[in-house]
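A closer look at the structure
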Amino acid sequence: MALRCGIVGLPNVGKSTIFNALTASSVPAENYPFCTIEPHMGIVPLPDPRLAILATIFNPAKITPAIVEFTDIAGLVRGASKGEGLGNQFLGQIRQVGAIVHVVRCFEDDNITHVEGSIDPLRDAELIETELLLADMETIEKRFNRISKLAKTGDKKTKYEAELTEALFNHINNGNMARSFQKNSPEDLAIIRSMFLMTRKPILYVANVDEVEIQNSIRNNYVQALFDFAEKEGNLAIRLCGKLEQEIALLEGDDKQMFLDEYHMPEPGLDKLIHAGFKLLGLETFFTGGPTEVRAWTIKDGATAPEAAGEIHTDFQRGFIKAEVIKYKDVVKLGSEQAVKEAGLAQLEGKEYIVKDGDCIFFKFNV
């Protein structure tokens, strides 16, 4: 399960600069070659230092990180929900991603025109949310008009779907996002998911600041307003400098660390962006390891052992028998898989086991 993020924003906010920085640090060719799946889409590795540490223990022929897919979605303008600018393309691409990374301009620069005429992060964030809301209203209205006609036949299932759709439309028509709609039964969720509503997707707001602001420990008024807005909406926000990130992405080793130290940055902002995306979507990582390959896999928080096995191959899930689980901290502390087993710390778990972040797992299956 790859984290799929769509990078959105108004024109000239630094959206493509951040995308270019991400793809400049793409996965090494022997693992996941940088891939242009279609224009403006790239695959980058999930930053996870645990993977390199496990590689020193297992000494594998290959190291494969978990991946994150990013799409640089066409810039949005006011009226996109009605097809203005590249609105239809923009909205269609958003429906395909799991999370939205909304880049918001929080820096002054007289040489870069702002499409709305001034710097106002809160207005910009609300503008895009409004366009998503309007587009979702149109989607729901079309569904309701179709279903309500079928509901007149007296079919209970269709009638319930019409009632649910009408309630959802009223919820959004009052200015609320679909993600706050309080209908959470499996049947309700199945109906709602089938609409591919954009306001159900979590949003990570990226405050794109200048080189001076990124070094300040206290957020400026622009940035703080955006953080407050994100918190109110139940989303997350981070601060980074797209211009610096593009330079950092091209550096390696000591040069990169010196650059980070110069700007008092504990890690590249892009690493922070990816980790925040994982947190927003409730994802975690487990590992498989051996002489052939050490690999990181992405699953939903709360996934069972068979579900985790299914991320490797559907046959693993279908024929799941047991999962031999070793904790990351134990294998690092004791230095080898064999030492963990001799210490009695390897556990055989069944179908009910909930996988924990950092678990190293060997699956037993039969098909």
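Located above this text is the structure these notes cover.
Figured I'd write up the structure that's included with this text. (Residues numbered from 1 in each chain as written. Predicted model: local features only at pLDDT ≥ 70, side-chain atom pairs only at ≥ 80, totals over all residues. Heavy atoms only, no water.)

**Observations regarding the pairing of strand E1 (residues 3-8)**
To be explicit about the condition: Exposure categories follow from relative accessible area, calculated using a 1.4 Å probe and restricted to protein chains: below 20% of the type maximum is buried, above 50% is exposed, and the middle band is partly exposed. Under the scheme used here, helices are H or I runs from DSSP no shorter than 4 residues and strands are E runs no shorter than 2 residues, and both carry numbers assigned from the N terminus. In this analysis, strands are considered paired if DSSP registers two or more bridges between them.
Counted residue by residue, E1 has five buried out of six residues, so it is predominantly covered. Where E1 meets strand E4 (residues 67-72), five bridges bridge the pair, whose relative direction is parallel. Bridge pairing in E4 places Ile7 opposite Asp72.

**Side note on the side chain of Asp48**
Which entries qualify depends on this criterion: Polar contact is defined as a pair of N or O atoms within 3.5 Å, subject to the rule that within protein one atom must be able to donate a hydrogen and the other to accept it, and that residues adjacent in sequence are counted only when both atoms are side-chain atoms. Any two residues having at least one pair of non-hydrogen atoms within 4.5 Å are treated as being in contact.
Positionally, Asp48 belongs in the loop between strand E2 (41-45) and helix H2 (49-58). One polar contact links Asp48 to Arg50, side chain to side chain, over a distance of 2.9 Å. Residues in contact with Asp48, not counting those within four places in the same chain, are Thr285 and Phe287.

**Focus on the packing of aromatic side chains**
This is how it is decided: Under the pairing criterion, centres of Phe, Tyr and Trp rings, with the six-membered ring standing for Trp, must be within 6.5 Å; the plane angle then separates stacked pairs below 30 degrees from edge-to-face pairs above 60, leaving the rest tilted.
All chains considered together, the criterion is met by seven aromatic pairs. Between Tyr205 and Phe229 the ring centres are 5.7 Å apart and the planes differ by 70°, which places this aromatic pair in the edge-to-face class. Placement of the pair is Tyr205 in strand E6 (residues 203-208) and Phe229 in helix H7 (residues 221-232), with a sequence separation of 24 residues. Each member of the pair Tyr205 and Phe229 is classed as buried.

**Topic: the pattern of salt bridges**
Keep this limit in mind: Any carboxyl oxygen of Asp or Glu within 4 Å of a side-chain nitrogen of Lys or Arg constitutes a salt bridge here.
Evaluation of the coordinates by the stated rule reveals 17 salt bridges. Linking Asp72 and Lys15 is a salt bridge whose minimum nitrogen-to-oxygen distance equals 3.0 Å. Here Asp72 is found in strand E4, whereas its partner Lys15 is found in helix H1 (residues 15-24), with 57 residues between them in sequence. For the pair Asp72 and Lys15, a shared accessibility class is recorded, and that class is buried. For Arg123, the salt bridge is made with Asp124, and the minimal N-O distance between the two is 2.9 Å. Members of the salt-bridge network, linked through shared partners, are Asp48, Arg50 and Asp357.

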